[in-house]
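Residues per chain, in single letters:
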Amino acid sequence: MVVFESMFGNTHRIADAIADGMGDGAEVVVTNVVDAPTELPDDIELLVVGGPTHAFSMSRHRTREDAVRQGGDPKDVPRGIREWLRALPTQPAHREFAAFDTRVDMPLLPGAASRSATRAARGLGFRVLEPASFLVEGYEGPLVDGELARARDWGHSLTERLAG
């Protein structure tokens, strides 16, 4: 399952590309965090969660409201990945987790939503995999050239890991 939060559409595009890469080795469901279940189905082996990096971490209600004022989609304002992960129950030890984020292509930018999400998932009992960041030009995007292909490759590597 791939769960995403996206204010300007870039993270949604990355989530779809990751799912596309995963699709040749697994059945994949992609869902917006607003529509994501609060309990994961038993057959989920790998949960992939992604969101935009806001203020060097996962978004907060206030940062999502700020994004809407800049032209972002208001759909994710009520609940982002931070709140959704907080609401999940402890997970079975075999379930794996991989996080990704989108972030502005700037050198030495500290913090990333994927690292914060990985810490939260570890606290829930997931076996966590190395997170990934995908770059956007400016706060609204577009994605940096080549990032969709890199996301597909990353998704493919996740399902290869499950199969191996």
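Residues numbered from 1 in each chain as written. Predicted model: local features only at pLDDT ≥ 70, side-chain atom pairs only at ≥ 80, totals over all residues. Heavy atoms only, no water.

Concerning the overall build of the protein
To keep things clear, this is the line we draw: Put simply, DSSP marks the helices as runs of H or I at least four residues long and the strands as runs of E at least two long, and each gets a number from the N terminus on. We compute the radius of gyration from the C-alpha atoms alone; for a globule the expected value is 2.2 Å times N to the 0.38, where N is the number of residues. Partly exposed residues are those whose accessible area sits between 20% and 50% of the maximum for their type, while under 20% is buried and over 50% is exposed, using a 1.4 Å probe and protein chains only. Contacts were defined at the residue level, with two residues in contact if any of their heavy atoms lie within 4.5 Å.
A tally of helices and strands in the protein yields five helices and six strands. Each helix (α) and strand (β) of the protein, taken in turn from the N terminus, gives the series β-α-β-β-α-α-β-α-β-β-α. The C-alpha atoms of the protein give 15 Å as radius of gyration, which agrees with the globular expectation for 164 residues (15 Å, within 12%). On the principal axes, the C-alpha backbone points of the protein span a range of 40 × 35 × 25 Å. Within the protein, the proportion of its 164 residues that are buried is 49%. Residue pairs in contact within the protein that sit at least 24 positions apart in sequence constitute 77% of those at least 6 positions apart.

Some words on unusual backbone geometry
A cis amide bond, omega 15°, links Gly141 with the succeeding residue Pro142. Mapped onto the secondary structure, Pro142 falls in the loop between β6 (132-136) and α5 (147-163). Phi at Ala55 is positive, roughly 50°, even though this residue is not glycine. Position of Ala55 among the secondary structure elements: in the loop between β3 (46-52) and α2 (61-69). Under the relative-accessibility criterion, Ala55 is labelled exposed at 55%. Positive phi is not limited to glycine here, since Phe56 has a value of about 70°.

Some remarks on the packing of aromatic side chains
Put simply, the test is: Only centres within 6.5 Å qualify two rings of Phe, Tyr or Trp (six-membered ring in Trp) as a pair; their planes then separate them into stacked at under 30 degrees, edge-to-face at over 60, and tilted for everything else.
Within the structure shown, the criterion is met by four aromatic pairs. On the basis of an interplanar angle of 65° and a centroid distance of 6.4 Å, the ring pair of Phe100 and Trp154 is categorised as edge-to-face. Of the two residues, Phe100 sits in strand β4 (residues 96-104) while Trp154 sits in helix α5, which places them 54 residues apart along the sequence. A single burial state applies to Phe100 and to Trp154, both of which are buried. The interplanar angle of 65° and the centroid separation of 6.1 Å between the aromatic rings of Phe134 and Trp154 together place this pair among those described as edge-to-face. With Phe134 in strand β6 and Trp154 in helix α5, this residue pair connects regions lying 20 residues apart in the sequence.

Description of the pairing of β6
Applied cut-off: In this analysis, strands are considered paired if DSSP registers two or more bridges between them.
Burial along β6 is one-sided: Ala132, Phe134 and Val136 are buried, while Ser133 and Leu135, pointing the other way, are not. Across five bridges, the pairing between β4 and β6 is parallel. Within the sheet, the bridge partner assigned to Asp101 lies in β6 and is Ser133.

Topic: the packing of helix α1 (residues 10-22) against α5
We apply this condition: Axis angles are defined between N-to-C directions and span 0 to 180 degrees, where every axis is a line fitted to C-alpha atoms and, for a helix, only to the segment in contact. In these notes the angle categories are as follows: under 35 degrees is roughly parallel, over 145 is roughly antiparallel, 65 to 115 is roughly perpendicular, and the rest is oblique. Left-handed is the label given to a crossing in which the near helix is rotated counterclockwise from the far helix by less than a right angle, and right-handed is the label when the rotation is clockwise. Amino acid classes used here: Ala, Val, Leu, Ile, Met, Phe, Trp, Tyr, Cys and Pro are nonpolar; Asp, Glu, Lys and Arg are charged; the rest, including Gly, are polar.
Running from N to C, α1 and α5 cross one another at 45°; their axes reach a closest spacing of 6 Å. Looking at the two axes, α1 sits oblique to α5. Considering only the axes of α1 and α5, their crossing is right-handed. For the pair α1 and α5, contact is made by Arg13, Ile14, Ala17, Ile18, Asp20, Gly21 and Met22 and by Glu147, Leu148, Ala151, Arg152, Trp154, Gly155, His156 and Thr159, respectively. The residue inventory of the contact of α1 with α5, partitioned by class, reads seven nonpolar, four polar and four charged.

Fair warning: the whole summary comes from geometry, so function is off the table for now.
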